[in-house]
Every structure is written in structure tokens, then in C-alpha cells.
Amino acid sequence: MPPVDLLEVLARRRSTRRFKPEPIPEEDLEKLLFALQRAPTDASAQLYSVIRLRDPALRDEIARLSGEQEHIRQAAEFFVLLADVHRLERLLAHRGQAMAPWPRTALHFAILDAGLSGAYLALTAEALGYGVCFIGGVLNGIEALVDLLGLPPGVLPVAGLAVGVPDEEGPPRPRLPRRLVVHEDRYRPYSAEDLEEAYRAMAPYSRVGDWNRVLKRYFTQGGTMEARETPYGRALARQGFDPDLPPGAPFYSLGALLEEALREARGVLFRPGEAWLEREQEAFRGEGRPGEALLTALRKARGEIPDWP
Ligand SMILES: Cc1cc2nc3c(=O)[nH]c(=O)nc-3n(C[C@H](O)[C@H](O)[C@H](O)COP(=O)(O)O)c2cc1C
């Protein structure tokens, strides 16, 4: 590989959403996967995995789940970046040790590891002349994706990453003024003038010259992120990243489970190590920590599991 000027690559780079139907040669793919694994990782743990999607039908399904993003189908390669503490758990168990409960911290470092590794792969791809696009849209269908990819507890999709030969050109996209992003010594509050400056700098991002249109679409009520929140929370709980719910629980949070239980019962009673879901004539009991106990009681009340012993 000829030497590349990294700053030059950074100055020119932009996400690519149109790809030529050309494959990435094996030797370049090898470099990309090498870069993926050279990323730094907290405590040497490498709390990430990557699925390289080779099956076109699977890729098609993921493109559909991700809001019909055609570049997922078009790109020569498509990876799903995964936060992964399952492998660590297996490694510890292999030496007869149990992993401590640390679901939130685990998620923090596992998402960071997956993101860093993806970024190293992506930057190397761009340095080699390929185009890349991260795909947060995989979160749109996160629960179906967990099933499609056969992810065990402890593994969660973080983002997709499309890589291929670019079939588009364009200027780099704008960024916020540096002084709004890089603080010195202490976090500096933002003035109205700062915020105006931010909108001015980012205006070219939007076709109509108004960055707020983009932010509004994603981040205000009824927007993309709000729609992702509940399925994401359910996927977190299901994959064992919610400290208050047992792995597999199909609920956004303990609060959501409680609300659901209260819709189906006259009341819920918690005592140390147990929960009771009470109806007019009957009561169902579950054991364990509050989330586990209530889930068991609710499942019994629904007849999903037998009401004994
Ligand atoms: C975590 C993450 C998720 C993203 N998700 C998508 C996506 O689903 N679809 C897409 O077309 N671009 C996606 N992008 C690309 C961003 O839109 C892009 O990086 C941003 O607009 C800045 O543009 P630039 O990369 O060309 O500088 C994503 C980027 C990141 C880092």
C-alpha cells in the first residue's frame, strides 16, 4: 500500500451512499479486518464482534428492516458491528469463573469497542480509496435483527457499516465550529449567539440550507430516535443489559413491565424476594429480584407458564 496522507484522507472524506457493483479484493479486505482488530480496547477485552454479511437474502432483509437504505444492498461489503460481552463471559466460564453483574458498564465499553473498531476499519477503507457509510438505521429493526443474526444474550447490534467502491463525489460535509465542540478546562455553557453560529456553520448540510430540519426529523417528538427508543430498550433487556430485568424479558424497563402488569391486575405487591400480581379472585406469585419476580407472576397470570409450585 503506498503511503497515504492521513490528514488528506480526513479532509476529503464523506460518507458514501452510492457504490459501484465492484467487489473488494481479498487482500484489501484482509487490510480492513486487520485495522478492525488493531483498534485499542478497554482492559484488552475486545468487547465487540463483527458479522460480515455474505448472504444476499440476509442483506436484503437487513436493508428492508433499516428503512430501505439501498446502499446496504449495493455496497461490496456490509458488516454489522456488535457490542459483545458474551465471548468474555464464555472465556471466564472456561476458567471456572463467573462474570460479575455489570450490565451498564459492560454496554458502555462494548459499544465503545465496537465503535472504535468500526472506525478503524472505516478510516482504513477510506485511506485505500473505498467509500464507507455507517448505518445506525439497523436500530429501526433491532429486535428482528437480533433474531436474524442469532445473537446470544450479551450481544447487541451497534451499527451497520457499508464499504465499497464509491460511485459518487462531493464536497466534505460541514462540522460545527471547533470552539463549540472543544472545551478548555471546564464545560462552557452555550449562548444564543453560539447556537446561531452552529446553525450557520451546519446550514450546507441540509439541501434547503436549514440544519434544524434534519435535527427536528431525528430528535424531536415523533422523530426517528423516539421511534427507536422502546424497541432498543426491549432489545437491551432481552440481551441482558438491563440491570433490573432478567435476560430475555421482552420489556423496555422495569417501569414498563410494572405498567403492563398493572393493566392486567388489580394490584401488584412486592415483598423481599417475591412479587404478587393480584386479580379479583386470584393472585400469582413470582420469586427473585423485583423484575424477575414480577415477570414470573405476569407470565403465570397470562397462562404462559404453569402456576405451580
Ligand atoms: C453511528 C452512525 C450511524 C449512521 N447511520 C446512518 C444511516 O443509517 N444511514 C446513512 O445513510 N448514513 C448514516 N450515517 C452517516 C452520517 O449520516 C454521516 O456520517 C453524517 O451525516 C456526516 O456526514 P459525513 O460522514 O459525510 O461527514 C451514520 C453515521 C454514524 C456515525
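In what follows, the accompanying structure is described.

1. Some remarks on the overall build of the chain
- Of regular secondary structure, the chain possesses 13 helices and 7 strands.
- Taken over the C-alpha atoms alone, the chain extends approximately 75 × 50 × 45 Å along its principal axes.
- Residues classed as buried in the chain amount to 31% of the 309 residues present.
- Pairs at least 24 apart in sequence give 66% of the contacts found in the chain among residues at least 6 apart.

2. Describing the site of the ligand
- For the ligand, the full set of nearby residues is R14, S15, R17, Q69, C133, F134, I135, G136, G137, A159 and R173.
- By residue number, the principal contributor to the shell around the ligand is strand β3 (residues 131–135), which donates 3 residues.
- A class-by-class count of the residues in the shell around the ligand yields 4 nonpolar, 4 polar and 3 charged.

3. Description of the nonpolar core
- Membership of the largest hydrophobic core comes to 63 residues, with the highest contact counts inside it found for L82, A83, L161 and A162.
- Considering every element that reaches this core, the biggest residue donor is helix α6 (residues 103–127), with 7 residues.
- There are two domains that each give this core at least three residues, and those are domain 1 (6–164) and domain 3 (242–301).
- Not counting residues within four places of it along the chain, the set of residues in contact with L82 comprises Y48, S49, V50, I51, A114, L151, V155, L156, P157 and V158.

4. A word on the sheet that holds β3
- Read from one edge of the open sheet, 4 strands run β1-β2-β4-β3, paired in antiparallel fashion. Two strands in the sheet have a free side with no partner beyond their single neighbour: β1 (48–52) and β3. Across the sheet, the axes of successive neighbouring strands diverge by a mean angle of 25 degrees, strand direction being ignored.

5. Points about helix α3 (residues 56–65)
- Within α3 the residues assigned to the buried category are R59, I62, A63 and L65. Angular distribution of buried residues about the axis of α3 spans 165 degrees; they occupy a single face of the element. Residues of α3 that are exposed and point more than 90 degrees away from the buried face comprise P56 and A57.
- The secondary structure elements touched by the buried residues of α3 are α4 (70–74), β2 (77–84) and α7 (142–148).
- Of the residues one or two after α3, G67 is the one with positive phi, at around 85 degrees.

6. Some remarks on the environment of V9
- Mapped onto the secondary structure, V9 falls in helix α1 (residues 6–12).
- The spatial distance from the C-alpha of V9 to the C-alpha of E126 is 6.9 Å, given a sequence separation of 117 residues.
- Beyond its immediate stretch of four places on either side in the chain, V9 contacts V4, E126 and A127.

7. Section: the pairing of β3
- Counting buried positions along β3 gives 4 out of 5 residues, so the element sits mostly inside the fold.
- Bridge count for β3 against strand β4 (residues 155–164) is 5 bridges, and the pairing is antiparallel. If you follow I135 over to β4, its bridge partner there is G160.

8. Remarks on the sheet that holds strand β6 (residues 274–278)
- Judged by pairing direction, the sheet is antiparallel, and its 3 strands sit side by side in the order β5-β6-β7 without closing on themselves. The open sheet terminates on both sides in strands that have one partner only, identified here as β5 (267–271) and β7 (283–287). Across this sheet, the average inter-strand angle for adjacent strands is 15 degrees, counted without regard to direction.
- Of the strand pairs in this sheet, β5 and β6 are connected by 5 bridges, and their pairing is antiparallel. Residue V268 lies in a different strand from β6, and its bridge partner there is L277.
- Across the sheet, helix α13 (residues 290–301) touches β5, β6 and β7, and the angle it forms with β7 is around 145 degrees.

Scoring rules and cut-offs
- Residues numbered from 1 in each chain as written.
- Predicted model: local features only at pLDDT ≥ 70, side-chain atom pairs only at ≥ 80, totals over all residues.
- Helix = DSSP H or I, 4+ residues; strand = E, 2+ residues; numbered from the N terminus.
- Buried ≥ 20, exposed ≤ 12 C-beta atoms within 10 Å, placed from the backbone.
- Contact = placed C-beta atoms within 7 Å.
- Near = placed C-beta within 6 Å.
- Nonpolar A, V, L, I, M, F, W, Y, C, P; charged D, E, K, R; others polar.
- Core = buried A, V, L, I, M, F, W, Y, C linked by C-beta atoms within 7 Å.
- Domains from an automatic or database assignment.
- Pairing = 2+ DSSP bridges.
- Axes fitted to C-alpha atoms, helices over the stretch in contact; angles between N-to-C directions.
- Arc of directions from axis to C-beta.

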